[in-house]
Amino acid sequence: MTNKDDSANQPVTQYHRKGFGLKDVVEVELKKVYESDLIAKLRASGNVMTVNGITIKLAEAFGFCWGVDRAVSMAYEARQHFPDRKIWITNEIIHNPIVNQNLREMGIGFLQMAEDGSKDIDRIGQGDVVILPAFGASIEELKSLEDRKCEIVDTTCPWVSRVWNRVVNYDKKDFTAIIHGKPDHEETVATASRAGTYLIVQNLAQAEWVCNYIVNGGKKEDFLARFDKAVSLNFDPDVDLVKIGVANQTTMFKGETEQIGKLFEKTILAKYGPTQIDQHFLSPGDTICDATQERQDAMLKLVEEKLDLMLVIGGFNSSNTGHLQEIAHKRGLPSYHIDGPDCVGPGNVIRYKSENSEQTETKELFFPEAGDVTVGVTSGASTPDQVVAEVLERLFALRA
Ligand code: SF4
């Protein structure tokens, strides 16, 4: 490691929003840890491979996205650039347990998040380095970090920043941001913190409920009780739903985001008429990131093939992985959301995240012990190829 750092006593917060020119240095290590010969072979053979009677069909697009790749690379570069400094990551750099474990082993500390979403930033000392994750950080969190005079490596994905720009623009025009996202997801928390006035809707059903309120009115208390943790301070549905713009968490299910955008547009059109629409509604544009869209499209294509079962690999708290699993589930395929090789076997059982978000284990043999079987496989945007390869090896071993 080379120490190019002479700023340990820097009195003010410094931001680094790019790498440190060490990409070539860390690339070798990153390839070794996260890439896989088996997956390279699978890609080269058209994403299909048969071993021991098991045919694997890999989705056309899967795994590490550009934004995650960039964030992990910046974290590795930061370790090289600041070899003697204490480095922290706020909660998780991406939602993948194996990547996070590797960073821990490099001596990077993780600031745990409490149930109320607060992070243990008291552990950060002046001059420490703090890495912000790909899904960004809230304005409040940035302020508290600045107070600690630490140095910040900001890996926020530019796709996430695009959504932030959109909600800031809504705020400037005095419009409320309707955010399609999960209220407790870090990205949505960060987006909401920039929005001024906001309302978060998680799904189409909630959006329909809000639209009904816009058109027909209702009890304000009911509204506020229903969206208790999903609105800005002093939100008043009778005032704050008059001028709205739609935004989204970048990893939501694309079809649903589009439906929600159209529903709000239709509702505002019905309420104010076509001549007034521009004064009351700002179009969301397309802010689902390319990577999420490509992985969802590839999954929609894969589930149309003849598959006996489907494995969706990614962190249990990874939103985009959850949406891939949702596609398989809606198609009626036996499918399992697993977070790594340890979920598979021994004893032909599989540990997976169930529909009600709990981790559970199959009680019966999940995998046919004989005969030909075709398994569809995909992985979320924060899952390294190496993890997918290890899952496949466990699967092949069931028939070894
Ligand atoms: S999933 Fe999209 S928004 Fe998230 S890090 Fe990857 S490219 Fe960026």
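On a predicted model such as this, the values are computed, not experimentally measured, just so you know. (Residues numbered from 1 in each chain as written. Predicted model: local features only at pLDDT ≥ 70, side-chain atom pairs only at ≥ 80, totals over all residues. Heavy atoms only, no water.)

Visitor: When you look at the side chain of N348 in this model, what are you seeing that I'm missing?
Guide: Position of N348 relative to the elements: it lies in the loop between β13 (335–338) and β14 (351–353). Among the polar contacts made by the side chain of N348, one reaches the main-chain carbonyl oxygen of F367 at a distance of 2.8 Å. (Helix = DSSP H or I, 4+ residues; strand = E, 2+ residues; numbered from the N terminus. Polar contact = N/O pair within 3.5 Å; in protein donor to acceptor, adjacent residues only side chain to side chain.)

Visitor: In this structure, what is going on with the packing of aromatic side chains? I would like to understand it.
Guide: The geometry of an aromatic ring pair comes down to the distance between the two centres and the angle between the two planes. Overall, the coordinates contain 12 aromatic pairs when judged by the stated rule. Summarising the aromatic geometry, the rings of F366 and F367 are spaced 5.6 Å apart at their centres and angled 50° between planes, so their arrangement reads as tilted. The buried category is assigned to F366, whose relative accessible area is 7%. The exposure class assigned to F367 is buried, which follows from its relative accessible area of 2%. Aromatic ring contacts, followed pair by pair, group W209, Y213, F223, F227 and F235 into a single cluster. Between R104 and the ring centre of F110, over which it is positioned, the NZ or CZ distance is 4.3 Å. Its end group placed over the ring of W164, R194 keeps NZ or CZ at 3.5 Å from the ring centre. (Phe/Tyr/Trp six-rings, centres within 6.5 Å; stacked < 30°, edge-to-face > 60°. Buried < 20%, exposed > 50% of the residue type's maximum accessible area, 1.4 Å probe, protein only. Lys NZ or Arg CZ within 6 Å of the ring centre and 35° of its normal.)

Visitor: Teacher, can you tell me more about the pattern of salt bridges here?
Guide: Two side chains bearing opposite charge may form a pair once their charged atoms approach each other closely. Counted under the stated rule, the structure contains 15 salt bridges. For K32, the salt bridge identified is with E29, shortest N-O distance 3.3 Å. Note that K32 and E29 are positioned in helix α1 (residues 23–34) at a spacing of 3 residues, about one turn of the helix. Exposure remark for K32: the relative accessible area of 61% places this residue in the exposed category. Residue classification places E29 among the partly exposed positions, given a relative accessible area of 33%. Across the pair D120 and R123 runs a salt bridge, and its minimum N-O distance is 4.0 Å. (Salt bridge = Lys/Arg side-chain N within 4 Å of Asp/Glu carboxyl O.)

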